[in-house]
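A look at the structure
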Amino acid sequence: MKKSNIVSIGLRAKTARAIAVVLGGTTDAPLVLTKLEIRLADPKIPATAQPYHEVMDLPWEESQRAVRKSAVAIEAIARKALTRLIKELHSQGMKVLGVGIVGAKDRDLARIGNYHIRAHAAEGVLFRRVLDLAADANGLKKRTFSDRELDQIAATELGAQGDVVKRKLNDLRHTVAPPWRADEKQAATAAWLVLHRPGR
C-alpha cells in the first residue's frame, strides 16, 4: 500500500507535446490525480514544432547541427514545464516519487533513406529525449520506455498481475474526464511502473 500523497508522473512524448498523467493511489485502486497536455514547442519559435522538418533536405550530419538551436529551446521548454508541474503537485502536498517516460527509442536515424520519414523519426526521438533531460534537471528518478515495447515490459515485470493492472488502467476511463486514449493509457502505465514497480 502506498501513502496517498505519493505520486508518479507518466509522460507520453509526442511531436511538440507530451501527454502527462499523474498517478497515485494503491496497486488495487490506482487514481489519476491530474491529466494534462504539456506543450513542448514555442509558438514564437516556429522551428520548435517540427525542427527536423525545417532542415530535412540537408544531409543528415548537417541537419543535426542545424537543428541544435531549436533542440536547446525545446529542452528549456520541457524543463520549465516539468518544473511547473512538480511545484504544483508539491503545493498540493504531494510527493513525486519519479517519472515514467514513453516515446521513440534511440535508433540509427542515419540509416533511414527517406528524408521525410527520417524527420518524423528524429522528432520522435528528440521529444522523448527532452523529457529525459527535464526529469534529470528536476532531480527525478526516471524510467524510459519504448512506446512499441511498453506492453511487453509491463507484462514481463508484472507477470500474472499484468492483466489485472491493464484492466484497472482501462477502467479509469469511467472516472477520468475524456480523452482516455492509448496515449493516456501508456502514460498511466509508465507512471504505474514507477509508482508500484515490483521489488522497489
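Rules used in this analysis
- The written sequence of each chain sets the order in which its residues are numbered from 1.
- Only residues with pLDDT of at least 70 are given local features in this predicted model, and only at 80 or more are side-chain atom pairs given and counted; all residues enter the totals for whole chains, interfaces and linings.
- The basis for the side-chain values is all heavy atoms of the structure; hydrogens and waters are excluded.
- The helix count covers DSSP runs of H or I at least four residues long, the strand count covers runs of E at least two residues long, and both are numbered beginning at the N terminus.
- Burial status follows relative accessibility: with a 1.4 Å probe on protein chains alone, a residue under 20% of its type maximum counts as buried, one over 50% as exposed, and anything between as partly exposed.
- At least two DSSP bridges between two strands are needed for those strands to be called paired.
- With axes taken as lines fitted to C-alpha atoms, and helix axes fitted only over the stretch in contact, angles between N-to-C directions fall between 0 and 180 degrees.
- Throughout, a contact is declared for two residues whenever any of their heavy atoms are within 4.5 Å.
- As defined here, a cavity is a set of points on a 1 Å grid over the protein atoms alone where a 1.4 Å probe fits but cannot get out. A pocket is an open set with protein on both sides within 12 Å along at least five of seven lines, and residues line them when an atom is within 4 Å of a point.
- Grid points are joined across faces, edges and corners, and a volume is the space filled by probe spheres set on the points.
- Under the scheme applied, nonpolar residues are Ala, Val, Leu, Ile, Met, Phe, Trp, Tyr, Cys and Pro; charged residues are Asp, Glu, Lys and Arg; polar residues are all the others, including Gly.

1. Describing unusual backbone geometry
Residue P179 is reached from P178 by a cis peptide bond, and omega for that bond is 5 degrees. Relative to the elements of secondary structure, P179 occurs in the loop between helix 6 (162-171) and helix 7 (182-195). A positive phi angle, close to 70 degrees, is found at A16, a residue other than glycine. Secondary-structure assignment places A16 in the loop between strand 1 (6-14) and strand 2 (17-25). With relative accessibility at 17%, the residue A16 sits in the buried group.

2. Focus on the sheet that holds strand 1
Spatial strand order, 3-2-1-4-5: five strands in an open sheet with mixed pairing. Two strands lie at the open edges of the sheet, namely strand 3 (30-39) and strand 5 (142-146), each paired on one side alone. Here the average twist between neighbouring strands, direction ignored, is 20 degrees. Lying on the sheet, helix 7 is in contact with strand 1, strand 2, strand 3, strand 4 (95-103) and strand 5; it crosses strand 1 at an angle near 140 degrees.

3. Some words on the pairing of strand 2
Judged by how many residues are buried, strand 2 sits mostly within the fold: eight of nine residues are covered. Judged from the seven bridges that link them, strand 1 and strand 2 form a sheet pairing that is antiparallel. When the bridges of strand 2 are listed, K14 appears paired with R17. The antiparallel hairpin formed by strand 1 and strand 2 contains two residues in its connecting segment, where A16 sits at a positive phi of about 70 degrees. As defined by bridge partners, strand 2 adjoins strand 3 across nine bridges and the pair is classed as antiparallel. Each residue of the ladder has a partner; that of A20, found in strand 3, is L36.

4. Overview of empty space enclosed by the protein
Applying the stated criterion across every chain yields a total of one cavity of 30 Å³ or more. In this model, the largest cavity occupies a volume close to 30 Å³. By residue number, the principal contributor to the lining of the largest cavity is helix 4 (residues 115-137), which donates three residues. In terms of residue class, the lining of the largest cavity is made up of six nonpolar, one polar and one charged.

5. Re the layout of surface pockets
Roughly 400 Å³ of internal volume is contained in the largest pocket. A104, R107, G124, D147 and R148 are, among the 17 residues lining the largest pocket, the residues nearest its centre. Residue assignment for the lining of the largest pocket shows that the elements contributing at least two residues are strand 1 and helix 4. The leading source of residues in the lining of the largest pocket is helix 4, at six residues. Across the lining of the largest pocket, the residue classes tally to five nonpolar, five polar and seven charged.

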